[in-house]
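# Analysis of the macromolecular model
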Amino acid sequence: MRRSVALGWVVLIIMAVQAVRLSAFGDPGFLIPTAFFGMVLVASSLLDWNRLMSGAAGPWLAWAWTVAAVMTLGAIGTVPALQPATQPLYFGIVALSGLLHERVKHIIVALLAALGMAFTGSLLIGPEGVGDLVIAVVSIGVVAAATALIGVEFERETDRSVRRLAELQSQRADFERLYAVSASLAGADSLAEVLPELVGRICSYLDAQVGAVLLYMPESHELEVMSPVWVNGVPLQVGGVRIPVRSNSVLAQVFKSGRPLLLDRISDKAEAYGVLGELGLTQAMVAPLKVEQFKVGVIAVGDPAHGSFHPEQLEVLSSLGAPAALVLSQIGRYEAAAEMSRRLEEVAQMKTDFVSVVSHELRTPLTSIIGSLDTVARPELNPAADTAKSLLNTARRQAGRLQRLIEDLLIVSRIDRASVPIQLETVVLAGFLKEVQDAIPAMPEVKMDIEPSDLAVTADPDHLNRVFLNLLENAAKYAPDSPVEVKAWAEGDSVQVAVIDHGEGIPVDQRDHVFERFTQLENSSTRTRGGTGLGLSIVKGLTEAMQGTVQLWETEGGGATFGLTLPMATKAETRPGPR
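Residues numbered from 1 in each chain as written. Predicted model: local features only at pLDDT ≥ 70, side-chain atom pairs only at ≥ 80, totals over all residues. Heavy atoms only, no water.

### Side note on the pattern of salt bridges
In plain terms, the rule: What counts as a salt bridge is simple: a side-chain nitrogen of Lys or Arg found within 4 Å of a carboxyl oxygen of Asp or Glu. Strands here mean DSSP runs of E at least two residues long; helices mean DSSP runs of H or I at least four residues long; both are numbered from the N terminus.
Enumeration over the complete set of coordinates arrives at eight salt bridges. In this structure, R242 and E222 form a salt bridge, with 3.3 Å as the shortest nitrogen-oxygen distance. Here R242 is found in strand β5 (residues 242-244), whereas its partner E222 is found in strand β2 (residues 222-225), with 20 residues between them in sequence. E485 is the salt-bridge partner of K487, the closest N and O atoms lying 4.0 Å from each other.

### What about the sheet that holds strand β12 (residues 484-491)?
Note the cut-off: Pairing between two strands is assigned when DSSP locates at least 2 bridges connecting them. Structural elements are reduced to axes, namely lines fitted to C-alpha atoms, with helices fitted over the stretch in contact, and the angle between N-to-C directions of any two is expressed from 0 to 180 degrees. Contacts were defined at the residue level, with two residues in contact if any of their heavy atoms lie within 4.5 Å.
One open sheet holds the five strands; their spatial order is β10-β12-β13-β15-β14, and the pairing between them is mixed. Of all strands in the sheet, those with a lone pairing partner are β10 (446-451) and β14 (549-554), marking the two edges. Strand-to-strand twist in this sheet, taken as the mean axis angle between neighbours without regard to direction, amounts to 15°. Across seven bridges, β12 lies against strand β13 (residues 494-500) in antiparallel orientation. Its bridge partner lying in β13, A488 is registered against V497. Those strands touched by helix α14 (residues 461-478) are β12, β13 and β15 (560-567), and its axis lies near 170° from that of β15.

### A closer look at α14
The periodicity of an α-helix, 3.6 residues per turn, causes residues three or four places apart in sequence to face the same way. Convention followed: A helix is expected to span 1.5 Å for every residue after the first. Under the scheme applied here, a residue whose accessible area is under 20% of the maximum for its type counts as buried, over 50% as exposed, and between as partly exposed, the area being computed with a 1.4 Å probe on protein chains only. By the criterion applied in these results, polar contacts are pairs of N or O atoms within 3.5 Å in which, for protein atoms, one can donate a hydrogen and the other can accept it, and in which residues neighboring in sequence qualify only through two side-chain atoms.
Helix length check: α14, at 18 residues, gives a terminal C-alpha distance of 26 Å against a target of 26 Å (1.5 Å per residue), a fit within 8%. Taken across its 18 residues, α14 has 14 buried, putting it largely inside the fold. The backbone nitrogen of D462 has a side-chain oxygen 3.0 Å away, supplied by the residue at the start of α14, namely D460.

### A word on the pairing of strand β7 (residues 283-291)
Across the nine residues that make up β7, a large majority, seven, are buried. Direction of pairing for strand β6 (residues 261-264) relative to β7: antiparallel, over a ladder of four bridges. Across the sheet, L263 pairs through a bridge with A284, a residue of β7. Across eight bridges, the pairing between β7 and strand β8 (residues 294-304) is antiparallel. Bridge pairing in β8 places M285 opposite V301. Following β7, the chain reverses through two residues before pairing antiparallel with β8; E292 in that reversal takes a positive phi of roughly 55°.

### Quick word on the side chain of T561
Looking at the secondary structure, you find T561 in strand β15. According to the relative accessible area criterion, T561 is buried, its value standing at 8%. Within polar-contact distance, the side chain of T561 engages the side chain of T555 at 2.7 Å. Ignoring anything within four residues of it in the chain, the contact list for T561 reads A498, V499, I500, Q551, L552, W553 and T555.

### A short note on helix α16 (residues 535-545)
Every buried residue of α16 is accounted for by L536, S537, I538, V539, G541, L542 and T543. Where the residues of α16 are buried, they touch α12 (386-416), α14, β14 and β15. Just past α16, the residue Q547 takes up positive phi, approximately 65°.

### Overview of the nonpolar core
Within soluble globular proteins, side chains that are nonpolar generally end up buried alongside one another. Filter applied, for reference: The criterion is simple. A nonpolar core is a set of buried Ala, Val, Leu, Ile, Met, Phe, Trp, Tyr and Cys residues joined through side-chain atoms within 4.5 Å.
With 44 residues, the main nonpolar core has L429, L464 and F468 as its most contacted residues. Not counting chain neighbours up to four residues away, the residues in contact with F468 comprise L429, F432, L433, V436, V497, V499 and L564. Membership of the second largest hydrophobic core comes to 29 residues, among which are V194, C203, L206 and A324.

### Things to note about the packing of α12 against α16
The following threshold applies: Just so you know how the angles are binned, under 35 degrees is roughly parallel, over 145 roughly antiparallel, 65 to 115 roughly perpendicular, and the rest oblique. It is the rotation of the near helix from the far one that decides the hand of a crossing: anticlockwise by less than a right angle makes it left-handed, clockwise makes it right-handed. When residues are sorted by character, Ala, Val, Leu, Ile, Met, Phe, Trp, Tyr, Cys and Pro go into the nonpolar class, Asp, Glu, Lys and Arg into the charged class, and all the rest, Gly among them, into the polar class.
Packing of α12 against α16 leaves a shortest axis separation of 10 Å and a crossing angle of 45°. Relative to α16, the element α12 is oriented oblique. As α12 runs across α16, the sense of the crossing is left-handed. Contacts between α12 and α16 involve D408, I411, V412 and I415 from the former and I538, G541 and L542 from the latter. Along the lines of polarity and charge, the residues of the contact of α12 with α16 split into five nonpolar, one polar and one charged.

Have a look at this one:
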């Protein structure tokens, strides 16, 4: 409207210039209406149109201003010299009215303009100018109709823009709330941490004084009130409150239906509303917590701090329920997984402790049995009968196997507890591997290729002995009819050792599991060879305890290759073989 006032000043100045040019400035027909319109413009310039247009009187003042402009032009048009100059201004005011005013007011302005143009024209022109006058009046009507249509479309577009802006502002507020809720919940690790923050934020957004979350317990098919409950900014601890989903309570109905509810006058029938009545609420909103179709529970907020709840707030609560449900669901799963992991760790620790205790307890009597068998096998006590000798040898051999199993179990339990004792020394591989080979009965041919010949590693000799003993026995067991190769070479600050066999190899689908405990190849020919499946697990555990690594590769042409990476020895006393 300020621009229209400025345009009025321009029109007034143009008319004054035109009056001076046509020597009509002193005509009362010009001075009186011009002075009147000038006062209207002065008053209009002093008004706060932004504030006025937002009120009920603003549009009427703007319309009165337009009418005053039309009447001024009608008065000025009675001056013969100025009448032709007023006609285009009529068109301009009518066009401006179509954009500024509603339909009825615009029609009135257009009629006044048409009447003013017809009246002044009838006074100043003769019969020969009636046609031109009719055309001018009709043109006023056409301009009025055209600008009215433009104004209607402009109003529609303005309304659409206002609605879109309101929707965008509402969506922005929703997104900000969703982001704030999600961000506050993202770093939480437990429901005890997340619930006060979650309920507190939602209550602050909705101006609620009380808030509670009830989660679904699928084991009992109940809704449990989670502790704490948020009351006037203070989290209060509760416990043991559960609502059967099959009941007719409002909370159970919201959970089952998945639709939010706005409840009023709760205190009048507190007993009928269950938990909501026990909390002393007078008004409440309840919304489901669900992720798509997966129901997590319900959230209830009550007693607005100011006024009462309205449907828009219920929509906000429903929109906040989705991210809250997602976070609560994930945290619930995380807690369940953590609890399961803790229990599994306890079971694993119990198993390790049991194995360790049993192995220690078996070790003492087994040592006594082996000692007794070795004593009986001495020449002066050895029985004469061949059957007795055979039974004695079998017993001694099986006692040795049992002793080896017990030693393996003890090492496994120590690896589990990360309590493997390590005494690092410098070990020269050539002599060390030769002694390991000689300690294995019926060991087939072993081809050694160690470069350089004095290549040494830093390792615990006892553990390294057990590692190579398991690898060589494993190669001999699974490739009995082919030679075993051992290659060692330096590579940077480490030593690479490869134990190679040319047997059937390890199936591709089992290669990822060979270092797991109690793993044996699913092959009938290899199953008959026995074994506990602990050997490669011990190899991996002891190698890593000595700061090394072990890998499995496929041997070219068939077979398996176990590669060890060990720290290269730089200095220390050299030890050529196992103790």
